[in-house]
Amino acid sequence: MIHKFKFKDIFLVLDINSGAVHIVDDEVFNLLDGMENYSAEEAAVKFNAADSIAAKEINQLIEEEMLFTDDSYITDKMKNNEDSVVKAMCLHVAHDCNMICTYCFGEQGTFAGSKCLMSIEVGMKAIDHLIANSGSRRNLEIDFFGGEPLMNFEVVKKLVDYGRQQEKIFNKNIRFTITTNGLLLDDEKINYINQTMDNVILSIDGRPEVNNKMRKTVNGSPTYDIIKKNYLNFVKKREGLYYVRGTFTRNNLDFVNDIQHLVELGFSNVSVEPVVTDLKQSYALQETDRDRIFEEYDRLTDLYLEKYENGEEFDFFHFDVDIEQGPCIVKRLSGCGAGTEYLAISPEGDIYPCHQFVGDKNFYIGNIFDQEIINKQRDKFLNASMYNKEDCRNCWAKFYCSGGCHANAIHMNGDICKPYKLGCDMGKKRLECAVGIYAKTME
């Protein structure tokens, strides 16, 4: 399987199963028309009969197993991720929030429940569960999430201390992350986070009018000025990884202006995600918005290349694709690992496949204090690899998106094996942009 496309003045061909990226001339590009799903044998027959230099170049790539490669190296064991262990956990330390965001999937922090904070006992038990079910894997991840996790800051600190104690005992290395809306991000918390957190996600939607339309305090006040000040103070002191993360909706289909705004404020790591919500909402992205969104990603590519050429490079999360190496094949088959390698824990200790499923009793796994936790959801998520998804099996982008987000599939289609189509299309567009940028910057 191959995928070919033109990026500005460059002709690109991706070999899907090997991951090889080829920059070709227009003659080779045109010779490959209609051959996206050819096997190596079929392609060789076609080009052995041709006598052009371009055909010989294609044949050489086929012989070197860099074009039209198959996926015979992928075993059933890989597809089913049979050796998976728990390696990441999202701790919902606060089901409460000091902000009201219109598009919040967590129902303003309560996740369809009541306001509550995680106790140190629940958090410690969750960390014990992560370590006990991590097998021989050494590197583990814990994300402090909410609601707003800084509303339970003292417990966050105690859990970090506990995690550091346990990792020494069990020879583990825990990577901590925290996601915050920034309202409580004072100097004390900034200093602590910079000392202890490997990654930090700072939520902001971009321009003041865009952010303030969707993200308000509980009393309805705008949040932009407060969080901008706090984030700039944070980033000035930050030496480790961070991202400012926004959400674009139908209200700001010109979201590149929001990305540019954030970059020009001084944020060098930016992620702006498409909203996924009930299509009846006025701000929901519609199928009819696809072309407009694609135009905007093209505009973002131009901005990225312009900044790169001027020595003002910034990192856009979805353009940060490892073209040369990429994740291991098992990871590419299983994706995020929700329900198998990744779990979310509510403040009460209830276990769910990921943070977006918390509160949905259809995906309840058990409670962290159960003597024996039987993950009845596990097989469901193990079987949701891209090879078991009809829409993904023959998709050229399958090894990059790994079948998409399970939660988005459920929310939009009611089936974890039926991906959210507009989300898939946007992902493929971003991937073409990322590969094109890679080719351009390698020239």
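Summarised in this report is the structure supplied together with it. Treat the numbers as computed from the prediction; the structure is a model and nothing was measured.

Contact pair helix H11 (residues 290-309) / helix H17 (residues 421-442): the axes reach a minimum separation of 10 Å and the direction vectors enclose 25°. Accordingly, the angle class assigned to the pair H11 and H17 is roughly parallel. The two elements H11 and H17 cross, and the hand of that crossing is right-handed. From H11, Arg290, Ile293, Phe294, Tyr297, Asp298, Thr301, Tyr304, Leu305 and Tyr308 reach across to H17, where they touch Lys421, Leu422, Asp425, Met426, Lys429, Arg430, Cys433, Ile437, Lys440 and Thr441. Classifying every residue of the contact of H11 with H17 gives ten nonpolar, two polar and seven charged.

Taking burial as the measure, the seven residues of strand E8 (residues 139-145) include five buried ones, the bulk of the element. Two strands pair when backbone bridges link them, and strand E4 (residues 88-92) and E8 are joined in this way by five bridges, in the parallel orientation. Looking at the pairing, Cys90 lines up with Asp143 of E8. The parallel pair E8 and strand E9 (residues 173-180) is bridged by helix H6 (residues 153-170), and the resulting crossover is right-handed.

Taken in spatial order, the three strands of this open sheet run E1-E2-E3, and their pairing is antiparallel. Only two strands of the sheet have a single neighbouring strand rather than two, namely strand E1 (2-7) and strand E3 (21-24). Between one strand axis and the next, the sheet turns through 25° on average, direction left out of account. The pairing of strand E2 (residues 10-15) with E3 spans four bridges and is classified as antiparallel. What sits directly across from Phe11, in E3, is Val24. Contacts from H17 reach E1, E2 and E3, with the element oriented near 65° to E1.

A few words on the sheet that holds strand E16 (residues 350-352). The ten strands lie next to each other as E14-E13-E12-E10-E9-E8-E4-E15-E16-E17, forming an open sheet whose pairing is mixed. Of all strands in the sheet, those with a lone pairing partner are strand E14 (315-316) and strand E17 (366-367), marking the two edges. Here E9 runs beside strand E10 (residues 199-203); their pairing, made up of four bridges, is parallel. If you follow Thr177 over to E10, its bridge partner there is Asn199.

About the cut-offs
- Residues numbered from 1 in each chain as written.
- Predicted model: local features only at pLDDT ≥ 70, side-chain atom pairs only at ≥ 80, totals over all residues.
- Heavy atoms only, no water.
- Axes fitted to C-alpha atoms, helices over the stretch in contact; angles between N-to-C directions.
- Helix = DSSP H or I, 4+ residues; strand = E, 2+ residues; numbered from the N terminus.
- Parallel < 35°, antiparallel > 145°, perpendicular 65-115°, else oblique.
- Left-handed = near helix turned anticlockwise from the far one by under 90°.
- Contact = heavy atoms within 4.5 Å.
- Nonpolar A, V, L, I, M, F, W, Y, C, P; charged D, E, K, R; others polar.
- Buried < 20%, exposed > 50% of the residue type's maximum accessible area, 1.4 Å probe, protein only.
- Pairing = 2+ DSSP bridges.
- Right-handed = clockwise from strand over helix to strand, strands pointing away.

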